[in-house]
Amino acid sequence: LPEVPTMAVEKVFVYNNTSIVQDEILAHRLGLVPIRADPRLFEYRNQGDEEGTEIDTLQFQLKIKCSRNPQAAKESSDPNELYFNHKVYSKHMTWVPLGNQTDLFPDADFRPVHDDILIALLRPGQEIDVLMHCVKGIGKDHAKFSPVATASYRLLPDITLLQPVEDEAAEKLQKCFSPGVIEIQNIKGKKVARVANARLDTFSREVFRHEGLKNLVRLARVRNHYIFSVESTGILPPDVLVSEAIKILMGKCQRFLNELDSVPME
C-alpha cells in the first residue's frame, strides 16, 4: 500500500476550464485516475525540477469542448441526445510523448486503467483544456500513488462435519454457508452433505442459529495458513505487486543488517 511506486498525475497545467468544476477540484480528480504505466521504466523526479524529462515524466493532455447536437429532437430532454461531449471521461486523456519517448517506448500504451471514469460534466460552450505531468511516487507521500485498493489477510477456515448430515438437513446446512462450501452428493438414494471447499467460507456462523445443525458442525481456523488478498487498482497485476513489495521488504532487512554490522561491538 505505501511503498510500491506507481505513476500518477502530479502537476496539472490549466490552460482553459470553463466548466463548473473548480481548477483545484479538477486537478484532484485527475490525480486520482490510475495510469497504466509500469513505474519500473521511469526514475523519480528530482525535487525542484519543474519541467520533467522523458525518463521521469509522462505527459497527458485533456482537451474537450461541449456543443449542441443540431439533429436532436426538439422535445428531447436527454443530455445524451442534446449535447456532444457533455461527459468528460478518462478515455479523453491522451498521451503526449516527451522528448524521445516514442523511441524509448515504441510499443507503449500509456493510458488510464479504465476508460469510463467520469471526470466532469459540461454544457454547450464549456470546455476543458489541461496538460498533466505524471511522475513516479509512493503511497506514503500521497494515496493517489498507491497501487492497491485493498489488502487484507485471514486464516484458512476449517469446517468439519461431526456426523453424517442427510436429506432435508443437508439442504438446510448447504444454505447456511457461502456457495460452494457445502456440496450435496446422492449416495444410495440419499442426499448427503460434505465439505467441498472450506476456503470459500466467510465465517457467518449462520449454522449456529439452527438447533438441529449447530451440534453437527465444528468451525475452526488453520492457525498457520494465511490467505492474503490483494486488490490491485489495475496499474500492476497483484502478483507483480506482491513480489515488488517483498523486494522492498528484503531491501529494508538488508539495510538493517548492514547497520548492525557497522556498529562496533564492545
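Computed from a prediction, not measured in an experiment: that's the story for all the values here.

S.K.: Before we go on, may I ask you to explain the overall build of the chain in this structure?
M.R.: Helix and strand counts for the chain come out as five helices and 14 strands. Scaling as 2.2 N^0.38, a compact globule of 266 residues should have a C-alpha radius of gyration of about 18 Å, whereas the chain reaches 27 Å, well beyond that. Seen through its C-alpha atoms, the chain measures out along the principal axes to roughly 85 × 75 × 35 Å. Counting across all 266 residues of the chain, residues that qualify as buried make up 34%. The contacts of the chain with a sequence gap of at least 6 include a subset with a gap of at least 24, amounting to 74%. Within the structure as shown, the chain displays about 16600 Å² of accessible surface, and the carbon and sulfur contribution to it stands at 51%. Charge-centre separation for the chain: the mean point of 33 positive side chains lies 9 Å from the mean point of 37 negative side chains.

S.K.: I tried to follow the pattern of salt bridges on my own but got confused; where do I start?
M.R.: Pairing is possible between side chains that carry opposite charge, provided their charged atoms lie close to one another. If you walk through the whole model with that rule in mind, you get twelve salt bridges. A salt bridge links Arg-194 to Glu-183, with the shortest nitrogen-to-oxygen separation between them at 2.8 Å. With a gap of eleven residues between them, Arg-194 in strand β13 (residues 190-195) and Glu-183 in strand β12 (residues 182-187) connect regions that are remote in the sequence. On the accessibility criterion, Arg-194 (33% relative accessible area) is partly exposed. Salt-bridge contacts for Lys-247 lead to Glu-244; the nearest nitrogen and oxygen are separated by 3.4 Å. Highlighted residues: Lys-247 and Glu-244, both in helix α5 (residues 238-262), separated by three residues, approximately one helical turn. With a relative accessible area of 51%, Lys-247 lands in the exposed category. Its relative accessible area of 16% is what places Glu-244 among the buried residues.

S.K.: Explain the UniProt feature "domain: DNA-directed RNA polymerase RpoA/D/Rpb3-type" (unreviewed entry) in the chain here, please?
M.R.: Per the UniProt entry, the sites bearing "domain: DNA-directed RNA polymerase RpoA/D/Rpb3-type" (unreviewed entry) are residues 2-259 in this numbering. Counting secondary structure, residues 2-259 comes out at 19% helix and 35% strand; the distance between its end C-alpha atoms is 23 Å.

S.K.: Teacher, can you tell me more about a nonpolar patch on the surface here?
M.R.: Among the surface-exposed residues, Tyr-153, Tyr-226, Phe-228, Val-242, Ile-246 and Met-250 lie close enough to one another that they form a single nonpolar patch of about 690 Å² accessible area. Listing elements by their share of the nonpolar patch, those giving two or more residues are β14 (217-232) and α5. Relative to the helices and strands, Val-242 is located in helix α5.

Definitions and cut-offs
- Residues numbered from 1 in each chain as written.
- Predicted model: local features only at pLDDT ≥ 70, side-chain atom pairs only at ≥ 80, totals over all residues.
- Heavy atoms only, no water.
- Helix = DSSP H or I, 4+ residues; strand = E, 2+ residues; numbered from the N terminus.
- Rg over C-alpha atoms; globule rule 2.2 N^0.38 Å.
- Buried < 20%, exposed > 50% of the residue type's maximum accessible area, 1.4 Å probe, protein only.
- Contact = heavy atoms within 4.5 Å.
- Areas by Shrake-Rupley, 256 points an atom, 1.4 Å probe, with all protein chains shown as cover.
- Lys, Arg positive; Asp, Glu negative; His and termini not counted.
- Charge placed at Lys NZ, Arg CZ, Asp CG, Glu CD.
- Salt bridge = Lys/Arg side-chain N within 4 Å of Asp/Glu carboxyl O.
- UniProt positions renumbered as here; feature names shortened; annotations may be inferred.
- Patch = residues over 30% accessible without salt bridge, like charges linked within 9 Å, V, L, I, M, F, W, Y side chains within 5 Å.

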